[in-house]
Amino acid sequence: MIPTLAVEQLQTHFLTKAGVAKAVDGVDFSVNPGEIMGLVGESGSGKSMTGYSIIGLVDEPGRIVGGRILLKGEDLRQYSQQQLRQIRGNRIAMIFQDPMMTLNPVLRIDTQMIEAITAHHRISRAAARERARESLARVGIPSPEERLGAYPHQFSGGMRQRVAIAIALLNKPDLIICDEPTTALDVTIQGQILFEMQKLCRESGTSLIWITHDLSVIAGLADSVSVMYAGRIVEAGPVADVLEAPRHPYTAGLIASTPAAAARRGHARGQPLAQIPGMTPSLLKLPAGCAFRLRCPRATDICVTEPPLLVSEGRDHARLALRCFHPLSAATAASGV
Amino acid sequence: MKDKVIAPLPAGQDSARDGGADLPRTGAPATVREQTPLQRHFAEFCESRIAVAGLVVLVLLCLLALFAPWVAPQDPYDLSRLDIMDSRMEPGKQSMDGLTFVLGSDGQGRDMLSAIIYGLRISIGVGVASTLIALAIGMTVGLLAGYVGGRTEAVIMRIADIQLSFPAILLALILLALLRPGLSNIVIALVAVQWAYYARTTRGAALVERRKEYIEAARGLGLSPLRIVFRHLLPNCLPPLIVVAALQVASAIALEATLSFLGLGVPVTEPSLGLLISNGFRYLLSGQYWISFFPGVALLITIVAINLVADRLRDVLNPRLQTH
């Protein structure tokens, strides 16, 4: 099976006056048709930049300096801006974080939906409008016909995000990149949207990259997960394996810091949650060796001198990968550090 | 691949279908048919009485200007109908052939009221035309600068800066001296003076708007840059532009009047308000005030009316000043 998207050694750097910030530094992953991949990490870990790089929306001073982005085997980095534009919104769609801001406030919904179709297909306005109506109905917007004539301010936040999703679905893309699309919504609506997205992917075979910092969303939604730290993937694999038995100290720390993990350890109310000490390092001056070593309880001398490589784990899961010299064993991992 | 499905909240799933919890309680059709933005802004505009008064006066003046040939008692451009014996008549006096000079007559025996109505036509026409052309130019280059950025922006904005560093009257004088006075040249001069204001305003608005996510989303949809700029960016930059344009109409009219007063504007046979003031200027001290005074009043009323309307527009269109 050709993966919908394969990213190989992707490097996106920001050439600033203060130096080169390696926002994305050698990222590899692949997403199969119908698969939902979670991309998790703290703010500034490069997860959003990875998404922007795939769809080709990296702005100056940022630049993709290396690697390949293969959409069904075609390298998008070889494409001209013109060709990329035909792919954006057509074969790859993106859903952004803030549903209040992603719709143009002065244009009606139908205008915005129809132009998304006509930008890529020779189709009459009436037919495009009909497709827009179908798409709105598909994401659960009631009375879509009337709603097409409305302005964004007449929708609530959850409805707007549904409209944004409906726009992403219009051209039946191979891949949808979701950049924290439910962060701004309350949990009930988040639940509905996750449910619908999952259903849509299963039905249409669309692949999904779900960028978030919320592990509980990933646990419920995704098939596989890649954990990013300082522009690199530190651990990747099927969701159940990674979240239930994290091998990388960073993943383990992230999971241990959630209230659910604390409760499992018999954590009493009012006590502070476990946290990873220290701060995310500045991308302009990453420590030599392992980027996480300064915050890692297991760091030794080798972590200072040599950067760990992303190693695929054998076992029966070929897709498990890890970047650590001192991974947690399965036994310690289960107990959470 | 595991077949995992999130169990949706029962209520959540229902509302996903009928939109219950998520929808404003007013119901879909009602919200769709609420006031359009234009109606809302107009209603808000009308909350200020003085602005409405300004608008009424302005509309009247524009109608007068538009229908000048039917409204004016005399055709001031038809030199054969003028009689030198009627020159400098006081307001209220009658001419040789029985026409009452309500506002007096000027040095050529022209009825001042007619001359003012026709002059208004030229003044407003020149003001509006130059503003629209300058707006189109300034808006386009401003959008370009704001959206493209980089070197394009630097070049455009430095040119605008240089232009703005000249006093408007000086630049217009130089241009008119080079191009020779005339109606179309005065429009060109006014455009040259004004475009930079629009370029700056548009760029400022475009810089703010282009960082918003809907522009990013439009790019993510693969729309062409032209479409993004004119269909998505431009409408969101319009409110400040409308205000600046409204104010600039007033200043364009004032500048045209100044240039005409200095004798560099419109031809003598077809006087604008500024030229009318200039014509009567030398009789002021001899007590024949009306030749300058009434065109001056007309100019004043026009500019004040425009400014009142523009001020109110600024309040209505500025989201930061909005009370509700």
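What you see is a predicted model, and the numbers here were worked out from it, not measured in a lab. (Residues numbered from 1 in each chain as written. Chains lettered and ligands numbered in written order. Predicted model: local features only at pLDDT ≥ 70, side-chain atom pairs only at ≥ 80, totals over all residues.)

Caption draft 1: How the structure looks around the overall build of chain A. Helix and strand counts for chain A come out as 13 helices and twelve strands. In summary, chain A has a C-alpha radius of gyration of 21 Å against a globular reference of 20 Å for 337 residues, a match within 12%. Here the C-alpha coordinates of chain A stretch approximately 65 × 50 × 40 Å along the principal axes. Burial statistics for chain A: of 337 residues in total, 49% are counted as buried. In chain A, of all internal contacts separated by at least 6 residues, the share reaching a separation of at least 24 is 66%. (Helix = DSSP H or I, 4+ residues; strand = E, 2+ residues; numbered from the N terminus. Rg over C-alpha atoms; globule rule 2.2 N^0.38 Å. Buried ≥ 20, exposed ≤ 12 C-beta atoms within 10 Å, placed from the backbone. Contact = placed C-beta atoms within 7 Å.)

Caption draft 2: View of the sheet that holds strand 4 (residues 62-71) of chain A. Residues and elements named next belong to chain A. Reading across from one edge, 2-1-4-5 is the order of the four strands in this open sheet, with antiparallel pairing throughout. In this open sheet, the two edge strands, each paired with only one partner strand, are strand 2 (19-31) and strand 5 (74-75). Judged from the ten bridges that link them, strand 1 (residues 5-16) and strand 2 form a sheet pairing that is antiparallel. Counted as the bridge partner of T16 is G19 from strand 2. In this fold helix 1 (residues 47-55) packs onto strand 1, strand 2 and strand 4, with an angle of close to 105° to the strand it touches most, strand 1. (Pairing = 2+ DSSP bridges. Axes fitted to C-alpha atoms, helices over the stretch in contact; angles between N-to-C directions.)

Caption draft 3: The confidence of the model for chain A, seen in detail. Predicted confidence across chain A gives a mean pLDDT of 86, with 96% of residues reaching 70 or more. By mean pLDDT, helix 13 (residues 330-335) of chain A is the weakest element of chain A at 53, and strand 3 (residues 36-40) of chain A is the strongest at 93. (pLDDT = per-residue confidence, 0-100.)

Caption draft 4: View of the domain arrangement of chain A. Residues and elements named next belong to chain A. The domains assigned to chain A are domain 1 (5-91 + 173-335) and domain 2 (101-170). When each unit is reduced to the centre of its C-alpha atoms, the spacing between domain 1 and domain 2 is 30 Å. Looking at the side of domain 1 that touches domain 2 element by element, the count peaks at four residues for helix 7 (residues 187-204). (Domains from an automatic or database assignment.)

Caption draft 5: Just the nonpolar core, in detail. By size, the foremost hydrophobic cluster in this structure holds 180 residues, and its most contacted members are I209 and W210 of chain A together with I116 and L190 of chain B. Each of domain 1 (5-91 + 173-335) and domain 2 (101-170) of chain A accounts for three or more of the residues forming this core. (Core = buried A, V, L, I, M, F, W, Y, C linked by C-beta atoms within 7 Å.)

Caption draft 6: Region of the structure containing the sheet that holds strand 7 (residues 175-179) of chain A. All names here are of chain A. Pairing within the open sheet is mixed, and its eight strands lie in the order 6-7-8-3-9-10-12-11. Edge strands, defined here as strands with exactly one partner in the open sheet, are strand 6 (92-95) and strand 11 (311-312). Bridge count for strand 9 (residues 224-229) against strand 10 (residues 232-238) is six bridges, and the pairing is antiparallel. Bridging from a neighbouring strand, Y229 pairs with R232 of strand 10. Along the sheet, helix 1 contacts strand 3, strand 6, strand 7, strand 8 (207-212) and strand 9; its crossing angle with strand 7, the most-contacted strand, is approximately 145°.

Caption draft 7: Broad picture of unusual backbone geometry. Residue and element names in this part refer to chain A. Between E60 and P61 the backbone carries a cis peptide bond, its omega angle lying at 0°. Residues other than glycine seldom take positive phi values, yet E180 does so here, at roughly 45°. Structurally, the position occupied by E180 is in the loop between strand 7 and helix 7. The phi angle at A230 is positive, at roughly 50°, despite the residue not being glycine. Turning to its location among the elements, A230 is positioned in the loop between strand 9 and strand 10.

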